Amino acid sequence: MNANFWRGDKIRLRAVEQKDLEEIMRAIEEPDSWLERADDHIYLPSWREKERDGLASQRERAGNSCLLMIENAAGQVVGNIATFDCDPRVGTFKYSIVIKRPFWSQGYAREAITILLRYYFRELRYQKCTVLVYSFNERSLRLHERLGFQLEGRLRRTVYTNGTFYDEVYYGITCEEFDQLDPKPDLTAMAQ
């Protein structure tokens with residue numbers, strides 16, 4: 001087990017800092033710098049102060065929801081990962097992840113998702129994670145299948161952007177399925 005739970009071989013997850021808010025704001029205004037395609041909508045330009053206040057309040061969300069920055073070993077911010085719709089009574093949660101284009105295909109998303117799932121399944125006792133992927137995002141579809149997520153459903157033509165309709169594709173993984181792919185460390189052997 002890594003001495004720092006939030007650090008993997010390639011990345012570390014950390015809290016959002018004030019300096020990150022400006023970078024996230026730029027990503028909202030210039031989505032191609034972060035995303036494969038524009039988000040699920042093309043938005044009108046918005047008032048930066050309002051957006052910044054919204055991001056700052058997300059940073060201090062109550063409950064088990066979180067917004068974390070993903071940094072590589074060189075300390076560069078390569079993206080972010082956020083959880084939402086956390087229901088501790090039922091033990092379910094959802095997440096979203098964004099990796100900046102220059103950092104694609106380097107294993108950062110896989111490692112960030114794995115660290116997040118370890119925390120929610122093994123520390124907070126959640127039992128199921130669901131993720132929504134837009135059908136135009138082939139990279140994310142393949143990533144989640146490689147991570148062991150199971151295809152759970154598809155809502156056809158529910159996203160409209162740039163003159164085209166797309167599907168919402170839902171994947172899920174349970175804590176037991178995750179444990180098969182990422183076995184728990186034997187803490188008793190480590191203590192001896």
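It should be noted that the structure appears before, not after, this text.
Since the structure is predicted, the reported quantities are computational estimates derived from the model, not experimental observations.

1. Side note on the sheet that holds strand β1 (residues 11-15)
Then, number 1: Spatially, seven strands are ordered β1-β2-β3-β4-β5-β7-β6 in an open sheet, and the strand pairing comes out mixed. At either end of the open sheet lies a strand with only one pairing partner, and these are β1 and β6 (150-161). Across this sheet, the average inter-strand angle for adjacent strands is 25°, counted without regard to direction.
Then, number 2: Relative to strand β7 (residues 164-174), strand β5 (residues 128-134) runs antiparallel, the two sharing seven bridges. Looking at β7, one finds that L132 is bridged to Y170.

2. A short note on the side chain of E168
Then, number 1: By the secondary structure assignment, E168 is in strand β7.
Then, number 2: Of the side chains with opposite charge, K94 lies nearest to the buried E168, which makes no salt bridge, at 9.0 Å.
Then, number 3: In this structure the side chain of E168 is engaged in a polar contact, spanning 2.9 Å, whose partner is the side chain of Y170.
Then, number 4: Residues in contact with E168, not counting those within four places in the same chain, are L132, V133, Y134, G153, R154, L155, T158 and V159.

3. Some points on the layout of surface pockets
Taking a probe equal in size to a water molecule and rolling it over the atoms shows the remaining empty space.
Then, number 1: Space inside the second largest pocket adds up to approximately 500 Å³.
Then, number 2: In this structure, the second largest pocket is lined by 26 residues; those nearest its centre are T114, R118, R122, F178 and D182.
Then, number 3: For the lining of the second largest pocket, the secondary structure elements donating two or more residues are α3 (108-123) and α5 (175-181).
Then, number 4: Examining the composition of the lining of the second largest pocket, we find that nine residues originate from one element, α3, more than from any other.

4. Examining the pattern of salt bridges
Then, number 1: Following the criterion strictly, the structure yields 12 salt bridges and no others.
Then, number 2: Residue R14 is joined to D20 by a salt bridge in which the shortest nitrogen-to-oxygen separation is 2.7 Å. D20 matches R14 in its accessibility class, with the two residues each being buried.
Then, number 3: One salt-bridge network, in which partners are shared between bridges, spans R12, R14, E17, K19, D20 and E71.

Procedures and definitions
Residues numbered from 1 in each chain as written. Predicted model: local features only at pLDDT ≥ 70, side-chain atom pairs only at ≥ 80, totals over all residues. Heavy atoms only, no water. Pairing = 2+ DSSP bridges. Helix = DSSP H or I, 4+ residues; strand = E, 2+ residues; numbered from the N terminus. Axes fitted to C-alpha atoms, helices over the stretch in contact; angles between N-to-C directions. Buried < 20%, exposed > 50% of the residue type's maximum accessible area, 1.4 Å probe, protein only. Lys, Arg positive; Asp, Glu negative; His and termini not counted. Salt bridge = Lys/Arg side-chain N within 4 Å of Asp/Glu carboxyl O. Polar contact = N/O pair within 3.5 Å; in protein donor to acceptor, adjacent residues only side chain to side chain. Contact = heavy atoms within 4.5 Å. 1 Å grid on protein atoms, 1.4 Å probe; cavity = no way out; pocket = protein on both sides within 12 Å on 5 of 7 lines; lining within 4 Å. Points joined across faces, edges and corners; volume = space filled by probe spheres on them.

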